[in-house]
Amino acid sequence: MQTLSVSLGDRSYPILIGSNLLPQSNLYVPHIHSRQICIVTNNTVAPLYLEELKNKLADFYVDSVILPDGESHKNLETLNLIFTELLEKKHNRTTTLIALGGGVVGDMTGFAAACYQRGVNFIQIPTTLLSMVDSSVGGKTGVNHIMGKNMIGAFYQPQAVIADISLLKTLPAREISAGLAEVIKYGLISDYQFFVWLEQNIELLMAGDEAALSYAVLRSCENKAQVVTQDEREGGIRAILNLGHTFGHAIETAQGYGNWLHGEAVAAGMVMAADLSMRRGDISHSDFNRITNLLERSNLPTKAPQEMTPEQFIELMGVDKKVVDGRLRLVLLKSLGSAIITSDIDAGLLLETFAACR
Ligand code: NAD
Ligand code: GLY
């Protein structure tokens, strides 16, 4: 097992990464400072891992809430199911919530912990690759509103993150690929050596090799922790974690949430960001090909949907075709392994990217 720390003063916490961590309750029990626990999970993950976790916490008073699975349930109505359980079972301010699930469960549990009696402790046990490398780390919590994704939320850090790689063995291959998009993102924005390692090991990761996955999760979390410790509340540098996300968000919106997984849209979005970076002369054609090759080998899309027009992108990204400069901020690549945040964007080049990447 490897442990790394997210250093945020009195809000610092460890991330434990390794195989078969769930059965080893001695690893995570020290981070639970209460007698009461409420495990929050969903109806897909509960039959797989809830009983095992409950059995390991036999010395505590344990309640659980099983939410309906899916991004469409990430809203205030579902959040209320957590509050109702906590109130019905008389959980007080010293309780601990445990998120057992992917990013949807993690974001909602974290937000519930931030709000319940003005803040209680919580622990993340992420069960998808995406949640291990991204959503469980860094303290962004929240729910969707009908008018926008993740629009209601709080920055609220957990007491610990327990990334048990063995839980990924039940995760569908498509979800592994979606998580790999975020893993590749770290190589692109801040870690060229990791990008090279990914080129050499992508097939092992796709095959579920636990040693390779542990290393990829560790390296991803190290990269994310480094950014989050510099800029917890996204006043500046944290925005580089959004490489490909502005383009990807336009794709998700156009396609309807759920049709493209978030990681899939981010993959196509990162290709668009790389294409624009190449047109600006910052990365070479061969760098661009290395990026698309790695994404293709991860079974990820490298083009936006054919039917999406440049006009649609312009509209969904909320910019005026003639006034891109100064309005739109994008994360682009300065080189392979280094990103910049810029609003100095040439509208003509952007239109060329829209046309080339579908
Ligand atoms: P998800 O939580 O919907 O999980 C994907 C699917 O896998 C679900 O059907 C889930 O039930 C299932 N699943 C989870 N673990 C499993 C397992 N071990 N075996 C079998 N099936 C399993 O999706 P996700 O990709 O984990 O997370 C996406 C969410 O994360 C979005 O809501 C997004 O907004 C959020 N997010 C948050 C942050 C952040 O910083 N807080 C960052 C990135 C994404
Ligand atoms: N997923 C982007 C962030 O945590 O800032």
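Reading the values: rules and limits
- Residues numbered from 1 in each chain as written.
- Chains lettered and ligands numbered in written order.
- Predicted model: local features only at pLDDT ≥ 70, side-chain atom pairs only at ≥ 80, totals over all residues.
- Heavy atoms only, no water.
- Pairing = 2+ DSSP bridges.
- Helix = DSSP H or I, 4+ residues; strand = E, 2+ residues; numbered from the N terminus.
- Near = heavy atom within 4 Å.
- Polar contact = N/O pair within 3.5 Å; in protein donor to acceptor, adjacent residues only side chain to side chain.
- Areas by Shrake-Rupley, 256 points an atom, 1.4 Å probe, with all protein chains shown as cover.
- Nonpolar A, V, L, I, M, F, W, Y, C, P; charged D, E, K, R; others polar.
- Buried < 20%, exposed > 50% of the residue type's maximum accessible area, 1.4 Å probe, protein only.
- Salt bridge = Lys/Arg side-chain N within 4 Å of Asp/Glu carboxyl O.
- Axes fitted to C-alpha atoms, helices over the stretch in contact; angles between N-to-C directions.
- Parallel < 35°, antiparallel > 145°, perpendicular 65-115°, else oblique.
- Left-handed = near helix turned anticlockwise from the far one by under 90°.
- Contact = heavy atoms within 4.5 Å.

Can you tell me about the pairing of strand S7 (residues 140–145), naming the residues and giving the values?
Examined bridge by bridge, S7 and strand S8 (residues 148–155) share five bridges and lie antiparallel to one another. For Lys-140, the partnering residue across the bridge sits in S8 and is Phe-155. Connecting S7 to the next strand, S8, in antiparallel fashion are two residues.

Would you mind going over the site of ligand 2 in detail, with residue names and values included?
Asp-134, Lys-140, Lys-224, Glu-234, Arg-238, Leu-241 and Asn-242 make up every residue found near ligand 2. Separating a nitrogen atom of ligand 2 from a side-chain N or O atom of Asp-134 is a distance of 3.0 Å. Protein burial of ligand 2: of its 200 Å² of free accessible surface, 88% is covered by the chains. Of the residues assigned to the shell around ligand 2, the class counts are one nonpolar, one polar and five charged.

Explain unusual backbone geometry residue by residue, including any values.
Unusually for a residue other than glycine, Asn-150 sits at a positive phi of about 55°. Among the structural elements, Asn-150 can be located in strand S8. Classification of Asn-150 as partly exposed rests on a relative accessible area of 39%.

Give a detailed account of the pattern of salt bridges, specifying residues and quantitative values.
Within this structure, the stated rule accounts for 18 salt bridges. We note a salt bridge from Arg-297 to Glu-203, for which the minimum N-O separation is 2.9 Å. Residue Arg-297 is located in helix H11 (residues 285–297), and its partner Glu-203 is located in helix H7 (residues 192–206); the two are separated by 94 residues in the primary sequence. What makes Glu-203 partly exposed here is its relative accessible area of 44%. Salt bridges sharing common partners tie together Asp-134, Glu-182, Lys-185 and Lys-224.

Describe the packing of helix H6 (residues 173–190) against helix H10 (residues 262–279), listing the residues and the values that go with them.
Closest axis-to-axis distance for the H6/H10 pair is 7 Å, and the angle between their directions is 40°. Classified by the interaxial angle, the pair formed by H6 and H10 is oblique. You can see that H6 and H10 cross each other, and the crossing is left-handed. Contact residues: Arg-174, Ala-178, Ala-181, Glu-182, Ile-184, Lys-185 and Leu-188 in H6; His-262, Gly-263, Glu-264, Val-266, Ala-267 and Met-270 in H10. In the contact of H6 with H10, the residues fall into seven nonpolar, two polar and four charged.

Any details on the sheet that holds strand S6 (residues 121–126)? Residues and values, ideally.
Pairing is mixed across the open sheet formed by seven strands, whose spatial order is S1-S2-S9-S6-S5-S3-S4. Both edges of this open sheet fall to strand S1 (2–6) and strand S4 (61–67), since each of them pairs with a single strand only. Adjacent strand axes in the sheet meet at a mean angle of 20° when their direction is disregarded. When strand S3 (residues 36–42) meets S4, the two strands line up parallel, connected through seven bridges. Looking at the pairing, Cys-38 lines up with Asp-63 of S4.

Any chance you could break down the environment of Leu-333 for me, citing the residues and the numbers?
Examined against the element boundaries, Leu-333 turns out to sit in strand S10 (residues 330–335). Taking the relative accessible area as the measure of exposure, Leu-333 reaches 0% and is therefore buried. Put simply, Leu-333 and Ile-240 are 93 residues apart on the chain and 9.8 Å apart in space, counted from C-alpha to C-alpha. The contact partners of Leu-333, leaving out residues within four places of it in the chain, are Leu-188, Leu-243, Ala-274, Ser-277, Asp-282, Ile-283, Ile-291, Ser-338 and Ala-339.

An account of the site of ligand 1 is requested, with residue identities and associated values reported.
Around ligand 1, the structure places 25 residues, and the nearest of them are Asp-69, Glu-71, Thr-127, Thr-128 and Thr-170. Interatomic distance of 2.8 Å between a side-chain N/O atom of Lys-74 and an oxygen atom of ligand 1. Within the side chain of Thr-127, an N or O atom sits 2.7 Å from a nitrogen atom of ligand 1. Across the complex, the protein chains shield 88% of the 870 Å² of accessible surface that ligand 1 would expose by itself. For the shell around ligand 1, the secondary-structure elements that each account for two or more residues are helix H2 (46–56), helix H4 (103–115), helix H5 (129–135) and S8. For the shell around ligand 1, the class distribution of residues is seven nonpolar, nine polar and nine charged.

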